[in-house]
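Descriptive structure summary
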Amino acid sequence: MNDPRPTDQPSAPVHRRAVDIPGVTVQPRSADEAVQAGIEVPAAAQPASSEGQRCGLIAIVGKPNVGKSTLLNALVGQKISITSRKAQTTRHRITGIRTQGQTQYVFVDTPGFQTRHSAALNKSLNKTVMGALGDVDLVLFVVEAGNFTLADAKVLSLLKPGIPVLLVANKLDMVNRRAEVAPWLKGMQERHPFAEFVPMSAKQPRDIERLLGICDKYLPEQGWWYTNDELTDRSEKFLASEIIREKLFRLTGDELPYTSTVVIEKFDEEPGKTASRMVRIAATIVVERDGHKAMVIGEKGEKLKRIGTESRVELEKLLDAKVFIELWVKVRSGWADDEARVRSFGYE
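Residues numbered from 1 in each chain as written. Predicted model: local features only at pLDDT ≥ 70, side-chain atom pairs only at ≥ 80, totals over all residues. Heavy atoms only, no water.

**Structural notes on the pairing of strand S4 (residues 103-109)**
Residues in a regular strand point their side chains to alternate faces of the sheet. The cut-off we apply is this: When a residue's accessible area, from a 1.4 Å probe over protein chains only, is under 20% of the maximum for its type it is buried; when over 50% it is exposed; and in between it is partly exposed. Only runs of H or I of at least four residues qualify as helices and only runs of E of at least two qualify as strands under DSSP, and these elements are numbered from the N terminus. Two strands are counted as paired when DSSP detects at least two bridges linking them.
Counting buried positions along S4 gives seven out of seven residues, so the element sits mostly inside the fold. Judged by which residues are buried, S4 turns out to be covered on both faces: Thr 103, Tyr 105, Phe 107 and Asp 109 on one side and Gln 104, Val 106 and Val 108 on the other are all buried. Where strand S2 (residues 54-61) lies against S4, seven bridges are found, and the strand directions are parallel. Looking at the pairing, Ala 59 lines up with Val 108 of S4. Two elements, strand S3 (residues 94-100) and S4, share seven bridges in a ladder whose sense is antiparallel. Across the sheet, the residue bridging to Thr 99 is Gln 104, located in S4. With antiparallel pairing between neighbouring strands as the criterion, S3 and S4 make up a hairpin whose turn holds two residues, including Gly 101 at a positive phi of roughly 60°.

**Points about the packing of helix H2 (residues 68-76) against helix H6 (residues 205-216)**
Test applied: Whenever a helix is involved, its axis is fitted only over the stretch in contact; in every case the axis is a line through C-alpha atoms, and angles between N-to-C directions fall within 0 to 180 degrees. Each angle is binned into one of four classes, with values under 35 degrees roughly parallel, values over 145 roughly antiparallel, values of 65 to 115 roughly perpendicular, and all other values oblique. We call two residues in contact whenever any of their non-hydrogen atoms come within 4.5 Å of each other. Note that Gly is not counted as nonpolar here; it falls among the polar residues with everything else outside the nonpolar set of Ala, Val, Leu, Ile, Met, Phe, Trp, Tyr, Cys and Pro and the charged set of Asp, Glu, Lys and Arg.
Between H2 and H6, the shortest axis-to-axis distance is 10 Å and the interhelical angle comes to 80°. With respect to H6, the axis of H2 lies roughly perpendicular. When H2 is examined against H6, the residues Leu 71, Ala 74 and Leu 75 are found in contact with a partner set consisting of Ile 208, Leu 211 and Leu 212. Split into classes, the residues belonging to the contact of H2 with H6 amount to six nonpolar, no polar and no charged.

**Here's the deal with the sheet that holds strand S10 (residues 278-287)**
For sheets, the rule is that strands pair by backbone hydrogen bonds, running either parallel or antiparallel. Within the open sheet, the three strands sit side by side as S9-S10-S11. Their pairing is mixed. Two strands bound the open sheet, and with one partner strand each, they are strand S9 (261-270) and strand S11 (322-331). Mean inter-strand twist for the sheet, computed between neighbouring axes without regard to direction, equals 15°. Against the sheet, helix H9 (residues 302-319) makes contact with S9, S10 and S11, and its axis sits at roughly 140° relative to S11, the strand it touches most.

Structural measurements only, silent on function.
Set out below in structure tokens:
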């Protein structure tokens, strides 16, 4: 199996920090962290060498808006992938790392496979999905419990034979009649030879721990790829652009097209006066039309100011730093259907 770690990421890895996620219980992942938290961890729980360790790549796939990013954040124990009600919020291959006991889980969240549009941006997103399925040890195929649509079927058809697939029936808490799930699962088994069924809710800590236990046995015995406190292979600069884009979508609602994006123009770090470090970020929000620009800025600039404020508050927790953010809004008509512009904005 090829080493999946990217070679073109110059930034230092982002390590795990204590960021609260509603509905997620974060467990200590190292002896040092446990001591700092005042938790006693048996020595046997901390591997002394690579002997007996497990490590592997787990792809999280599914149609848009089935909860893949929420699931990734819960599995990792910290927010690294943005979420919103808008379809296609996730646009990149996001790697999340969870090290627990002898096992290191390397999860890959992918964009929802897009079947309705053929713009350059959508083609790029679908290429990302296909690439993530190329060399993994396990696939988590995420669907809404009790539902199966043509979009789900399209993603299922992409799965390659020979790789075990878990059917993750997410949002079980939204199902009114649990008795209907059993016949639905039977029907799903006829669609694909799933290794196991996992009805669950990504918001339930018990379900997350159960899913981790199931994934464990499918990962090969080999040394870890990352240190036990690494959180993701993405840079802090990348995470900053994602957090700003999340606030953009959440605060503008369905009126703003999903093609709007965020480009980081400056990401500078310097010693802080009141904090251990200070980060200065300059970012451009790119929209398709002048009307969208006015929508993002809002009356007297209030909407843009709120996007910046909410982004700064979350990034200060994530980066453990004092953060200053400057935001601009620019119109770039048709960028989502321009392959060169799509690549220049950081899409593969």
